[in-house]
Amino acid sequence: MIAYDIIRRPLITEKTSIQKETMSKVTFEVSPKANRVEIKKAIEAIFNVRVDSVRTMNVKGKIKRRGRIYGRRKNWKKAIATLLPGERIEFFEGA
């Protein structure tokens, strides 16, 4: 698998912003088929940082309703990577 196929997008929420600043953790949406070792190598290759550990979790898609019709969002996988001290990833450098 190519590194850009494994890492889909960064998750930027209020909680992940706080984790990034205080604990040096970054959160990504990743491919459901990727494991921790592949995710670690992909982050290191794309962002040129050293990763200490990776935690993963499968997020269940929510059931949504539109009128009488029920639907479901997709299931997806989330990875939280802890960076080694002194390492940073800047998503919005110019903003």
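Preceding this section is the structure that the text describes.
Conventions used here
- Residues numbered from 1 in each chain as written.
- Predicted model: local features only at pLDDT ≥ 70, side-chain atom pairs only at ≥ 80, totals over all residues.
- Heavy atoms only, no water.
- Helix = DSSP H or I, 4+ residues; strand = E, 2+ residues; numbered from the N terminus.
- Buried < 20%, exposed > 50% of the residue type's maximum accessible area, 1.4 Å probe, protein only.
- Contact = heavy atoms within 4.5 Å.
- Lys, Arg positive; Asp, Glu negative; His and termini not counted.
- Charge placed at Lys NZ, Arg CZ, Asp CG, Glu CD.
- Core = buried A, V, L, I, M, F, W, Y, C linked by side-chain atoms within 4.5 Å.

Trainee: Let's hear about the overall build of the protein: which residues, and what values?
Mentor: In terms of regular secondary structure, the protein is built from 3 helices and 6 strands. Each helix and strand of the protein, placed in order from N terminus to C terminus, yields the pattern α-β-α-β-α-β-β-β-β. In terms of overall dimensions, the protein has a C-alpha envelope of 50 × 30 × 25 Å along the principal axes. Counting all 95 residues of the protein, 31% fall into the buried class. Within the protein, contacts between residues at least 6 apart in sequence are counted, and of these 58% link residues at least 24 apart. If the 23 positive side-chain charges of the protein are averaged to one point and the 10 negative ones to another, these points end up 14 Å apart.

Trainee: So what about the nonpolar core? Which residues, and what values?
Mentor: Grouped together as the largest cluster of nonpolar side chains are 17 residues, with contacts concentrated most on Ile7, Phe28, Ile39, Ile43, Val51 and Ile89. At the level of secondary structure, the elements contributing two or more residues to this core comprise α1 (3-6), β2 (25-30), α3 (36-47), β3 (51-59) and β6 (76-83).

Take it as geometry only, folks, not as evidence of what the structure does.
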